[in-house]
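Given next are the chains, with one letter for each unit.
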Amino acid sequence: MHSVPVGGSVDRSKRLKRHHSLQRAKPPRDKQKKKMASYKVEQLPSPLSVLGEGPHWDVERQSLYYNDIYGGSIHRYDYAENKTYNATIDGFPVISFIIPVKGNDRHFIIGTDRKVTLVDWDGRSEKATFVRTVGEVEPTMEDNRFNDAKVDSKGRFYGGTMRLEAKGDIFEMRLGTFYRYDAKQGKFVTLKEKIGVSNGLCWNEAGNLFYYIDSCDLDVKEYQVDANGDISGERVVIDFRVNGERPPFVPDGMTIDANGSLYVATFGGSTVYKVNSKTGKVELEIKLPCEQVTSAAFGGPNLDILYVTTAAKEFKSPQPAPAGALFAVTGLGVKGTPMYPVDLS
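Residues numbered from 1 in each chain as written. Predicted model: local features only at pLDDT ≥ 70, side-chain atom pairs only at ≥ 80, totals over all residues. Heavy atoms only, no water.

**Examining the nonpolar core**
One finds Val-272, Ile-286, Leu-306, Val-308 and Leu-332 to be the most contacted residues of the largest nonpolar core, which totals 19 residues. Contributions of two or more residues to this core are made by strand S19 (261-267), strand S21 (282-287), strand S22 (293-299), strand S23 (305-310) and strand S24 (326-330). At three residues, S22 tops the list of elements feeding residues into this core. Not counting residues up to four positions away in its chain, the partners in contact with Val-272 are Tyr-263, Val-264, Ala-265, Leu-284, Glu-285, Ile-286, Leu-288, Val-293, Leu-306 and Val-308. (Core = buried A, V, L, I, M, F, W, Y, C linked by side-chain atoms within 4.5 Å. Buried < 20%, exposed > 50% of the residue type's maximum accessible area, 1.4 Å probe, protein only. Helix = DSSP H or I, 4+ residues; strand = E, 2+ residues; numbered from the N terminus. Contact = heavy atoms within 4.5 Å.)

Given below as structure tokens:
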């Protein structure tokens, strides 16, 4: 994600009115209090990211990988050690995502500008090294970059681009594209065009339904997935607009649990919303102690810990600590679905 206007010039009373109107879908107040009291949010030992993003739980290494987009760094939180290791890669000051590569525990793909880049990292050293460029999109669109990206259960890469924040109103320009990478043919397949900010990718456990966020659309959409990995049959799961107006946040990264509920991070909203993917109802609000919540992923030995990334990047006002921290949410009573390494073969 990036820093976009999250509420325009809306005064506090109107922002609060809009926020509370989102509560229509919540359970009764007494039940909601009981639910909200059941979870615990803990700050983990990690650096404060400028723009923390892209959490990916690696089952084999029992580690959470994530990146700091504008900090130009990649990170590994080791569950057993309760410690975060950090690295940079010379020549790459902006890193959009990090995903492990199947069959090589030192190789990862990262997003660099409009390229997917292969790097080598032992998970502990302060430096990772460039290996090769896997592929590139939009070579003539210098003001675009990759944003969020993930991999499905078949090892296929999905990722999208966005316009750089300083290059105009991305809510109006919509110059991004959403892609699937075909490793066998070595090419990117276009799935959606006219994207504002490509974000929030996840699949249900069966792999036949795909959920996607274009942050500028202020909603979550569902698609059917065919055998080739192509998507169709668009359906809006939840629209966060209130009476047609922007809420005081934008939906950012997203993950899913084994029951099919979606967990939507809100940039500017201090919240991860748990959303029923069938009804579109908000079932729970998970509150974080910072405003810019960027993404989430389930992990831990039992896949029942929700890891949440955040940003310290300033937008309207300074973001004090713990903005930019990595958090663990426990006690949710659900398990996530596995995340997968990318298959480049």
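There's plenty left to go through after this.
**Topic: empty space enclosed by the protein**
On inspection of all chains with the given rule, the structure shows one cavity of 30 Å³ or more. Forming the boundary of the largest cavity are Ile-109, Val-116, Val-134, Phe-157, Tyr-181, Phe-188, Val-342 and Leu-344. Classifying every residue of the lining of the largest cavity gives eight nonpolar, no polar and no charged. (1 Å grid on protein atoms, 1.4 Å probe; cavity = no way out; pocket = protein on both sides within 12 Å on 5 of 7 lines; lining within 4 Å. Points joined across faces, edges and corners; volume = space filled by probe spheres on them. Nonpolar A, V, L, I, M, F, W, Y, C, P; charged D, E, K, R; others polar.)

**Some details on the side chain of Ser-46**
Structurally, the position occupied by Ser-46 is in the loop between strand S1 (40-43) and strand S2 (52-58). Reaching out from Ser-46, the side chain makes a polar contact with the backbone nitrogen of Leu-326 at a distance of 3.4 Å. (Polar contact = N/O pair within 3.5 Å; in protein donor to acceptor, adjacent residues only side chain to side chain.)

**Points about the sheet that holds strand S10 (residues 144-151)**
Hydrogen bonding along the main chain pairs the strands of a sheet, whether they run parallel or antiparallel. Within the open sheet, the four strands sit side by side as S10-S11-S12-S13. Their pairing is antiparallel. Only two strands of the sheet have a single neighbouring strand rather than two, namely S10 and strand S13 (187-195). Looking at each pair of strands side by side, their axes are set apart by 25° on average, direction ignored. Sheet topology places S10 next to strand S11 (residues 157-163); six bridges connect them, and they run antiparallel. Paired with Ala-149 across the strands is Gly-159, a residue of S11. (Pairing = 2+ DSSP bridges. Axes fitted to C-alpha atoms, helices over the stretch in contact; angles between N-to-C directions.)

**What about the layout of surface pockets?**
Computed from the structure, the largest pocket encloses a volume of approximately 330 Å³. Val-151, Trp-203, Thr-337, Pro-338 and Met-339 are the residues nearest the centre of the largest pocket, which is lined by 28 residues in total. Within the residue set of the lining of the largest pocket, elements represented by two or more residues are S2, strand S6 (98-101), S10, strand S14 (198-203), strand S18 (250-256) and S22. Among the elements that make up the lining of the largest pocket, the one with the highest residue count is S10 (four residues). Here the lining of the largest pocket is built from residues that sort into 15 nonpolar, nine polar and four charged.

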